[in-house]
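Residues per chain, in single letters:
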Amino acid sequence: AFPLKKLGGRPALVARFIRCLSNHAPTGWYRSCFRTNLNEPSMCHLHTGPPAYHTREYVLFECDHYTRKYRRSSIEDLLSSRDMFYDIAEFLRDNSLPF
């Protein structure tokens, strides 16, 4: 019940939050590891510039399509921060597409 309450009782947001934390989201990395027979895209085409490999880290730190308010540079830095829950929740609220 904790994540559901902290995320405003929004099950879809909780699901996206858990997918982000567990790295079990429909990213290119996930698709190339677990859905290889479906020929799904593994590159990000949302940003400006050439296609880039679509990973959790790429979405959270590099893709210029998304809005970020936190100043983290790596997944380790984000997950070990005191505001990790708030930072990820805010990122997901500001961006409806990832995870």
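Look up a bit, the structure's there.
Residues numbered from 1 in each chain as written. Predicted model: local features only at pLDDT ≥ 70, side-chain atom pairs only at ≥ 80, totals over all residues. Heavy atoms only, no water.

For the rest of this paragraph, the subject is the pattern of salt bridges. Enumeration over the complete set of coordinates arrives at 5 salt bridges. The shortest N-O distance in the salt bridge between R31 and E40 comes to 3.5 Å. R72 is the salt-bridge partner of D87, the closest N and O atoms lying 3.0 Å from each other. You can see D87 sitting in helix α6 (residues 84-94) and its partner R72 sitting in the loop between α4 (56-61) and α5 (75-79), a full 15 residues away along the chain. Look at R72 and you get partly exposed, because its relative accessible area is 25%. (Salt bridge = Lys/Arg side-chain N within 4 Å of Asp/Glu carboxyl O. Helix = DSSP H or I, 4+ residues; strand = E, 2+ residues; numbered from the N terminus. Buried < 20%, exposed > 50% of the residue type's maximum accessible area, 1.4 Å probe, protein only.)

This part covers α6. An α-helical segment advances 3.6 residues per turn. Residues three or four places apart therefore align on the same side. Three or more residues of α6 are buried, namely M84, D87, I88, A89, E90, F91 and L92. Residues of α6 that are buried in the fold lie against α2 (11-22), α4 and α5. (Contact = heavy atoms within 4.5 Å.)

Moving on to the side chain of R56. Of note, R56 is situated in helix α4. On the basis of relative accessible area, R56 is assigned to the buried category, the value being 9%. In this structure, R56 is in contact with C20, L21, S22, N23, T27, I75 and F99, ignoring residues within four places of it in sequence.

Now for the packing of α2 against α6. In contact at an axis separation of 10 Å, α2 and α6 are set at 120 degrees when each is read in the N-to-C sense. Overall, the two elements α2 and α6 adopt an arrangement that is oblique. As for the relative orientation of α2 and α6, their crossing is right-handed in sense. Across the interface between the two elements, L13, R16, F17, C20 and L21 from α2 touch M84, F85, I88, A89, L92 and R93 from α6. Class assignment for the residues of the contact of α2 with α6 results in 9 nonpolar, no polar and 2 charged. (Axes fitted to C-alpha atoms, helices over the stretch in contact; angles between N-to-C directions. Parallel < 35°, antiparallel > 145°, perpendicular 65-115°, else oblique. Left-handed = near helix turned anticlockwise from the far one by under 90°. Nonpolar A, V, L, I, M, F, W, Y, C, P; charged D, E, K, R; others polar.)

All right, on to the side chain of R16 then. Its place among the elements puts R16 in helix α2. Buried charge R16 goes without a salt bridge, the closest partner of opposite sign being D94 at 9.5 Å. Those residues in contact with R16 that lie beyond four places of it in its chain are L92, N95, S96, L97, P98 and F99. (Lys, Arg positive; Asp, Glu negative; His and termini not counted.)

A separate point is the packing of aromatic side chains. All told, the structure shown has 6 aromatic pairs when counted by the stated rule. Relative to F85, the ring of F17 lies with its centre 4.7 Å away and its plane at 50 degrees, an arrangement referred to as tilted. Taken together, the residues span a long stretch of sequence, with F17 in helix α2 and F85 in helix α6 at a distance of 68 residues. Classification of F17 as buried rests on a relative accessible area of 3%. Between Y30 and F34 the ring centres are 5.1 Å apart and the planes differ by 45 degrees, which places this aromatic pair in the tilted class. With Y30 and F34 both in helix α3 (residues 28-34) and 4 residues apart, this pair spans about one turn of that helix. Under the relative-accessibility criterion, Y30 is labelled buried at 16%. Exposure remark for F34: the relative accessible area of 51% places this residue in the exposed category. (Phe/Tyr/Trp six-rings, centres within 6.5 Å; stacked < 30°, edge-to-face > 60°.)

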